[in-house]
Amino acid sequence: MTTFEAPHIEKIELAEKAGKATAAASGASATERFHLDKSPFDAVRDVPAERVDLLAREVLDAVHATIRRHKVTYEEYNALKAWLINVGEDGEWPLFLDVWVEHVVEEVATAHRHGNKGSIEGPYYVPDSPELGADATMPVRPGEAGTPLVWEGTITSTDGRPLAGKVELWHADSEGFYSQFAPGIPEWNLRGTISTGDDGAFRITTMRPAPYQIPTDGSCGKLIAAAGWHAWRPAHLHVKVSAPGHELLTAQLYFPGDPHNGDDIATAVKPELMLDPQPQPDGSEKVRYDFVLDPES
Ligand code: MBD
Ligand code: FE
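Bear in mind the structure is a predicted one, so any value in this text is a computation, not a measurement.

A.B. asks: So, the overall build of the protein: which residues are in play, and what are the values?
C.D. replies: In terms of helices and strands, the protein carries seven helices and 13 strands. Its C-alpha atoms give the protein a radius of gyration of 21 Å, within 12% of the compact-globule value 19 Å for 297 residues. Its C-alpha atoms put the protein at 60 × 50 × 40 Å along the principal axes. Taking all 297 residues of the protein together, the buried fraction comes to 43%. Expressed as a percentage of contacts within the protein between residues at least 6 apart in sequence, the contacts between residues at least 24 apart total 72%. Accessible area of the protein: about 16,100 Å², with a carbon and sulfur share of 58%. Side-chain charges in the protein split into 26 positive and 46 negative, and the spacing between the mean points of these groups amounts to 4 Å.

A.B. asks: Report on the nonpolar core, specifying residues and quantitative values.
C.D. replies: In this structure, Trp151, Ile214 and Phe291 are the most contacted members of the largest nonpolar core, which totals 49 residues. Residue contributions to this core peak at four residues, all from strand β10 (residues 249-254). Not counting the four nearest positions on each side in its chain, Phe291 is found in contact with Asn116, Trp151, Thr154, Ile155, Thr156, Val167, Phe202, Val239, Val241, Leu249 and Leu253.

A.B. asks: So what's going on with the packing of helix α5 (residues 93-100) against helix α7 (residues 219-227)? Residues and values would help.
C.D. replies: The N-to-C vectors of α5 and α7 enclose an angle of 45°; their axes lie 9 Å apart at closest approach. Taken as axis vectors, α5 and α7 run oblique relative to one another. Within the contact between the two elements, α5 uses Leu95, Phe96 and Trp100 and α7 uses Cys220, Leu223 and Ile224.

A.B. asks: Can you break down the UniProt feature "domain: Catechol dioxygenase N-terminal" (unreviewed entry) in the protein residue by residue, with the values?
C.D. replies: The UniProt entry lists residues 50-116 under the feature "domain: Catechol dioxygenase N-terminal" (unreviewed entry), expressed in the numbering used here. Secondary structure across residues 50-116 divides into 81% helix and 0% strand, with the first and last C-alpha atoms of the span separated by 34 Å.

A.B. asks: Tell me what's going on with the site of ligand 1, and back it up with residues and numbers.
C.D. replies: If you check the shell around ligand 1, you find Leu95, Val99, Ile120, Gly122, Pro123, Tyr124, Tyr178, Tyr212, Ile214, Arg233, His236 and His238 and nothing else. A distance of 2.9 Å separates an oxygen atom of ligand 1 from a polar side-chain atom of Arg233. In the environment of ligand 1, an oxygen atom lies 2.9 Å from a nitrogen or oxygen atom belonging to the side chain of His238. Here ligand 1 loses 100% of its free accessible area of 270 Å² to cover by the protein chains. In terms of residue class, the shell around ligand 1 is made up of eight nonpolar, three polar and one charged.

A.B. asks: I'd like to hear about the coordination of the iron ion (ligand 2), residue by residue, with values.
C.D. replies: Taken together, Tyr178 (OH), His236 (NE2) and His238 (NE2) make up the full set of protein donors to the iron ion (ligand 2), lying 1.9 to 2.1 Å away. The sequence pattern formed by the donor residues of the iron ion (ligand 2) is Y-x57-H-x1-H. Residue Tyr178 is located in the loop between β4 (166-171) and β5 (191-195), and its partner His236 is located in strand β9 (residues 236-242); the two are separated by 58 residues in the primary sequence. For the pair Tyr178 and His236, one class covers both residues: buried.

A.B. asks: Please provide a residue-by-residue account of the pattern of salt bridges, values included.
C.D. replies: Enumeration according to the criterion identifies 14 salt bridges in this entry. We note a salt bridge from Glu247 to Arg113, for which the minimum N-O separation is 2.8 Å. With Glu247 in the loop between β9 and β10 and Arg113 in the loop between α6 (102-110) and β1 (131-133), the pair connects residues that are 134 residues apart, well separated along the chain. Accessibility assignment for this pair places Glu247 and Arg113 in one class, buried. Here Arg233 ties to Asp264 by a salt bridge, and the two come within 2.8 Å at their closest N and O atoms. With Arg233 in strand β8 (residues 232-233) and Asp264 in the loop between β10 and β11 (278-279), this residue pair connects regions lying 31 residues apart in the sequence.

The rules we used
Residues numbered from 1 in each chain as written. Chains lettered and ligands numbered in written order. Predicted model: local features only at pLDDT ≥ 70, side-chain atom pairs only at ≥ 80, totals over all residues. Heavy atoms only, no water. Helix = DSSP H or I, 4+ residues; strand = E, 2+ residues; numbered from the N terminus. Rg over C-alpha atoms; globule rule 2.2 N^0.38 Å. Buried < 20%, exposed > 50% of the residue type's maximum accessible area, 1.4 Å probe, protein only. Contact = heavy atoms within 4.5 Å. Areas by Shrake-Rupley, 256 points an atom, 1.4 Å probe, with all protein chains shown as cover. Lys, Arg positive; Asp, Glu negative; His and termini not counted. Charge placed at Lys NZ, Arg CZ, Asp CG, Glu CD. Core = buried A, V, L, I, M, F, W, Y, C linked by side-chain atoms within 4.5 Å. Axes fitted to C-alpha atoms, helices over the stretch in contact; angles between N-to-C directions. Parallel < 35°, antiparallel > 145°, perpendicular 65-115°, else oblique. UniProt positions renumbered as here; feature names shortened; annotations may be inferred. Near = heavy atom within 4 Å. Polar contact = N/O pair within 3.5 Å; in protein donor to acceptor, adjacent residues only side chain to side chain. Nonpolar A, V, L, I, M, F, W, Y, C, P; charged D, E, K, R; others polar. Donors = N, O, S within 2.8 Å, 3.2 Å for Na, K, Ca; no water. Salt bridge = Lys/Arg side-chain N within 4 Å of Asp/Glu carboxyl O.

Laid out in structure tokens, this is it:
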């Protein structure tokens with residue numbers, strides 16, 4: 001390793017060696033991933049100064065009002081400064097924003113839809129996962145732990161027409177870890193792209209994920225502990241569902257009875273996104289869930 005490498009590379013390597021998922025390692029991966037895939041500034045190149053001024057000013061006004069209302073001290077201000085610096089150093093800005101801000105952006109962005117409810121993308125999406133066809137078995141490790149889940153569904157348009165489209169599925173394993181963000185998991189484990197034919201139908205065999213605890217050893221964890229919050233998200237499946245001429249649906253699906261369905265740290269659970277898995281005699285579960293996409297306007 002050269003001295004020119006960013007400190008987070010070192011943290012990932014140390015975590016890999018220890019075989020441990022650390023906040024710094026998954027944070028660094030999420031930050032790197034974000035830089036790789038998106039050029040977020042291109043999309044706002046033409047946003048006028050008036051809008052930037054309005055949004056920046058209102059956010060700052062809200063901060064100023066909080067400081068005045070609660071007489072925030074210099075000690076608290078300096079702790080905030082140090083904490084904000086640490087969030088960046090831990091690579092946890094994607095985690096922080098996706099957990100505490102994204103759900104409102106998603107709400108606003110999809111309010112017009114008549115098809116499926118969506119939910120937040122979160123920090124662990126990776127594009128271009130392996131193509132698995134319409135009758136898909138998700139990539140798993142030999143002896144992958146957990147409850148097998150067989151999911152049948154369709155993609156249709158809001159007018160009822162079946163759609164040839166794609167379901168990109170990614171989720172945590174039975175310990176709550178995501179491939180490419182925790183060490184020691186094969187690259188595409190529990191990540192895949194399912195393609196439907198003209199009948200819109202798909203069938204996916206996967207493993208039920210575990211509830212997910214956001215990393216507690218980094219800056220987001222420090223905030224959670226200091227505020228007396230918990231770090232849990234209920235177990236969930238992430239999807240991006242797409243078809244030509246239709247709006248991309250980003251959603252998450254949940255399991256009834258999860259202790260954190262009612263108090264998700266990321267505020268991303270909606271009743272329409274609840275699955276109804278049926279236990280089978282062989283110990284697996286079957287579930288039906290269909291997607292309805294809005295035509296592009
Ligand atoms: C996750 O798995 C997730 O889905 C979100 C939104 C935030 C942190 C971890
Ligand atoms: Fe997730």
